[in-house]
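# Secondary and tertiary structure notes
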There are 2 protein chains.
Amino acid sequence: MLEVALLGTGGTMPLRNRRLASVMLRRNGSCTLIDCGEGTQLSVKECGFTFKPIDRICITHFHADHVSGLPGMLLSMGNEGRTEPVTIVGPAGVGRVVNSLRVIAPELPFDIVLEEQSGREAVLTWGDCRLTSFPLRHTVPCRGYRLDVSRPGRFDVEKARRNSVPLAAWSRLQKQPEVTLDDGSVYTADMVLGPPRRGLRFVYVTDTRPARVISEMAAGADLFVCEGMFGEPDKRDRARASGHMTFAEAAELARAAAPRRFWLTHFSPSMPAPTAYAAEAQAIFAETRVGADGDRIEIRFDEDE
Amino acid sequence: MLEVALLGTGGTMPLRNRRLASVMLRRNGSCTLIDCGEGTQLSVKECGFTFKPIDRICITHFHADHVSGLPGMLLSMGNEGRTEPVTIVGPAGVGRVVNSLRVIAPELPFDIVLEEQSGREAVLTWGDCRLTSFPLRHTVPCRGYRLDVSRPGRFDVEKARRNSVPLAAWSRLQKQPEVTLDDGSVYTADMVLGPPRRGLRFVYVTDTRPARVISEMAAGADLFVCEGMFGEPDKRDRARASGHMTFAEAAELARAAAPRRFWLTHFSPSMPAPTAYAAEAQAIFAETRVGADGDRIEIRFDEDE
C-alpha cells in the first residue's frame, strides 16, 4: 500500500484555506515529502502526520513557494527527535540552496544527504521503491517525480521444487532477494517466485508547460498529480508566459498518459474556486479530480483491492 | 495615532491556531513589521493589511521562527507592486542572513536597505518616528525594539507674535520644522510652538532572559509587548536554559517599567492555553494581558482619547 496525501494545492502564495502545493507519500513507515513551501509543516500536522519519519524531501525547483518551508521543517524534524540522515533531492544546485537556507537552521541532530539530479532520468531507490526524477519545462530548472513500488511474483511451489530449493529457504525467499543456508548453499528469490506483478506508480508534476516526457512518465500511473495553475481556458497565454498550464493543457497530458486517477493541484491565488473549472478538464479526461488540501488515498496492489 | 497588531503570538513552531510571534505597527500609511516567521504573510492578510506599505522589517534575531517567512514576504510585497526601497533592520549579520535567504527570492522589484545594528542603542528615524534597538539576553545575539512617536507642542500665538513670525508662516510651521517665505526670511517651528507634548511609546521584546535594559527601555510605554515563553512557574529552569522567561519573570520587568499596557506573547507550543496562567503575571503586574493572534489597538495621543 502507498498512501498519498495532498498537503496543499496552492501556488505562488499561501491562502487561508489553501496551503502551498506539497504532497506526502507514506509506505512501510517511511515518508517522502515532495516540495516544502511556507506552511507545509502545519499541513503535515493537520493531516495527522509527524515529522520524524520523513526520510527524504524532494524539491521540484527553487521558487520560494516550493521550498521556503524547508528550514522550519528540518528544525521541527529535529525537535521531534530525528537522528537518522535525511535525503534532500532536487535539481542541480539543491546543495547550494539548502545550505543557504540553513543559515537559520545551522544545527540539526541529523545529517543531510544531498542528491543533485539532472538529465533525462535520475533514480533513487530504497526498499521496494524506485524514485525517478525527470526534467520539466518551467522558467527555471524544475523536475517531476515518479515513485514506482515494485511487487514480486507469487510464490511458485512447482518452480521452487524444480530448482531444488530446500523447504527451509521458502519463507525467507518471499521477503528477501537471497538466502544462505547453514550449509553455505545460496538461493535467490527468482528460483521460487513467478514473474513480477504490477506494482504501484505515483507521478507528481509541477511547475511546467506541457511536455511529452510528462505523459510518458505518467503512463499507466495509479495516481498522476499534476499542476493546473489556471482553470480558465482564456488564461492559456498567461500560463504560457509563466511556465504553467491551464486545466485543459494538463488534462491533455492525462489523456495521453491514461492514469487510473488524475488529480489537479497548484492553483493560482487568482482562482478562488478551482472546482468551478473541473468540467474544462473532465471534457478531455473524464477521471479528472480537482484536488483540495487534505485529499488522500491509500493505493493498494491490484489483488488487494 | 499608532496602530499595533499582534500578527502571531507563538514561539518555536507555528500551530494551527497560533502563528509565530510577529507584530505590525502602522502610522500615517507607513508600516513597520517586527519579526517574520513562517506564515507571517498569512497573518498580515488575515488582519486585513496589505504588503505594499511595509516600509521596514525589523528582525529580533536569526532563529527560524522569527525570520523564516522573510523570502515569501518580500516576494508578496513585490507581487503587490511595491517598488520603493524596503529597510531591513537586525542585529549584526542581518545582511548575511537576508542575502542567504534570498537564494529563493533573488529578483525583487525594489531595493533592500540593510541596517545592521549593535551596541547599547541604535536608532533609525523617519517622519515623527524614532526606532531604537537594544541588546537582549538570548542564546544568540538578539535585539528589542522601541518605537517613539514624537508630538510637537501646541501652537502658541503669543510666542509667534513675540518672535515676529508673519501670519503667512503660522499654518505651515505647525506641519514642518522650517519655512522660507518669498522674501527669503526663514522661520522655525520652535518660534511658534510650545514645549513638546507626550508622544507615544511602543516596546517589543523577544526572545530574552530578564535584563535591566528591558525595563529601562519600556519605562512609561503606552504598550509593552513582551515574551512569556512559559506560563507555568515551575518552568523557570527551562526558561533559563533556553534563554526565555516565565510569565512571572516578564511581569517583574513590567512592574519595574510601569507601562500603561502590558501584553504577553511568544508562547511555547507546549502551552495550549496561555490564558490559564494570566493570574501568575497579574499578581505581579495587574495590567497584564495575555496576548492572542489578531489582538490590536489604536494608541492615540493623550488629549485625543
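Residues numbered from 1 in each chain as written. Chains lettered and ligands numbered in written order. Predicted model: local features only at pLDDT ≥ 70, side-chain atom pairs only at ≥ 80, totals over all residues.

### A few points about the overall build of chain A
Of regular secondary structure, chain A possesses 10 helices and 16 strands. Projected onto its principal axes, the C-alpha positions of chain A cover 70 × 50 × 35 Å. When burial is assessed residue by residue, chain A has 48% of its 305 residues classed as buried. Taking all contacts inside chain A whose residues are at least 6 apart in sequence as the whole, residues at least 24 apart take part in 67%. (Helix = DSSP H or I, 4+ residues; strand = E, 2+ residues; numbered from the N terminus. Buried ≥ 20, exposed ≤ 12 C-beta atoms within 10 Å, placed from the backbone. Contact = placed C-beta atoms within 7 Å.)

### Some remarks on the sheet that holds strand S6 (residues 112-117) of chain B
Residue and element names in this part refer to chain B. In spatial order, the strands read S6-S5-S4-S3-S2-S1-S16; together these seven strands make up an open sheet with mixed pairing. One side of each edge strand has no neighbouring strand; the edge strands of this open sheet are S6 and strand S16 (296-299). For this sheet the average axis-to-axis angle between neighbouring strands, irrespective of direction, equals 15°. Direction of pairing for strand S4 (residues 54-58) relative to strand S5 (residues 86-91): parallel, over a ladder of three bridges. (Pairing = 2+ DSSP bridges. Axes fitted to C-alpha atoms, helices over the stretch in contact; angles between N-to-C directions.)

### Here's the deal with the interface of chain B and chain A
Between chain B and chain A, the contact holds 24 residues from the first and 24 residues from the second. Ranked by residue count, the leading element in the side of chain B that touches chain A is helix H3 (residues 70-79) of chain B, at four residues. Its residues assigned to classes, the side of chain B that touches chain A comprises 13 nonpolar, eight polar and three charged. (Nonpolar A, V, L, I, M, F, W, Y, C, P; charged D, E, K, R; others polar.)

### With respect to the pairing of S6(B)
Residues and elements named next belong to chain B. Pairing between S5 and S6: six bridges, direction parallel. Each bridged residue has a counterpart across the sheet, and for Pro-91 the counterpart in S6 is Gln-117. Each parallel crossover has a hand, and the one from S5 via helix H4 (residues 94-101) to S6 is right-handed. (Right-handed = clockwise from strand over helix to strand, strands pointing away.)

### Quick notes on the relation of the copies chain B and chain A
The transformation that overlays chain B on chain A combines an axial shift of 0.0 Å with a rotation of 180°, and the residual RMSD is 0.1 Å. Put plainly, the chains are arranged around a two-fold axis. (Least-squares fit on C-alpha atoms with pLDDT ≥ 70 in both.)

### Some remarks on the pairing of strand S13 (residues 223-227) of chain B
Residues and elements named next belong to chain B. Of all five residues in S13, five are buried, a share of seventy percent or more. Relative to S13, strand S12 (residues 197-205) runs parallel, the two being bridged by four bridges. For Val-205, the partnering residue across the bridge sits in S13 and is Cys-226. In the classification by handedness, the crossover that spans S12, the intervening helix H7 (residues 212-217) and the parallel S13 is right-handed.

### With respect to the sheet that holds strand S9 (residues 143-151) of chain A
Residues and elements named next belong to chain A. The strand order S7-S8-S9-S12-S13-S14-S15 describes an open sheet built from seven strands, whose pairing is mixed. Each of the sheet's edge strands pairs with one partner strand only, and the pair in question is strand S7 (122-126) and strand S15 (288-290). Sheet twist, expressed as the mean angle between neighbouring strand axes with direction ignored, is 20°. Bridging between strand S13 (residues 223-227) and strand S14 (residues 262-265) involves four bridges; their strand directions are parallel. By the bridge assignment, Val-225 is partnered in S14 with Trp-263.

### Regarding the confidence of the model for chain A
For chain A, per-residue confidence averages 96 on the pLDDT scale, and residues scoring 70 or more make up 99% of the total. Here the complex is predicted with pTM 0.93, and the ipTM for its interfaces comes to 0.90. (pLDDT = per-residue confidence, 0-100.)

### Quick notes on unusual backbone geometry
For the bond running from Thr206(A) to Asp207(A), omega is -5°, close enough to zero to count as cis. Even without being a glycine, Thr12(B) presents a positive backbone phi close to 70°. Secondary-structure assignment places Thr12(B) in the loop between strand S1 (2-8) and strand S2 (22-27).

### A short note on helix H4 (residues 94-101) of chain A
Within H4(A) the residues assigned to the buried category are Val94(A), Val97(A), Val98(A) and Leu101(A). On an axial view of H4(A), the arc spanned by its buried residues comes to 95°, and they lie on one face. Buried residues along H4(A) sit in contact with helix H2 (64-67), helix H3 (70-79), strand S5 (86-91) and strand S6 (112-117) of chain A together with H4 of chain B. (Arc of directions from axis to C-beta.)

### Details of the environment of Ala105(A)
Locating Ala105(A) in the fold gives a position in the loop between H4 and S6. Distance from Ala105(A) to Pro177(A), taken between C-alpha atoms, is 40 Å for residues 72 residues apart in sequence. Apart from residues no more than four positions distant in its own chain, Ala105(A) is found in contact with Pro71(A), Leu74(A), Leu75(A) and Ala64(B).

### Quick notes on helix H9 (residues 247-257) of chain A
In an α-helix, one turn spans 3.6 residues; hence positions three or four apart end up facing the same way. Residue and element names in this part refer to chain A. By the criterion of burial, H9 is predominantly enclosed, with eight of the 11 residues buried. Listed in full, the buried residues belonging to H9 are Phe-247, Ala-248, Glu-249, Ala-250, Ala-251, Leu-253, Ala-254 and Ala-257. Its buried side turned inward, H9 meets helix H7 (212-217), S13, helix H8 (236-242), S14, helix H10 (278-282) and S15. Positive backbone phi, approximately 50°, marks Ala-258, located one or two places after H9.

### Points about the environment of Ala105(B)
Here Ala105(B) falls in the partly exposed class, since 19 other C-beta atoms lie within 10 Å of it. In this structure, the C-alpha to C-alpha distance between Ala105(B) and Pro71(B), residues 34 residues apart in sequence, is 5.7 Å. What Ala105(B) contacts, discounting residues up to four positions off in sequence, is Ala64(A), Pro71(B), Leu74(B) and Leu75(B).

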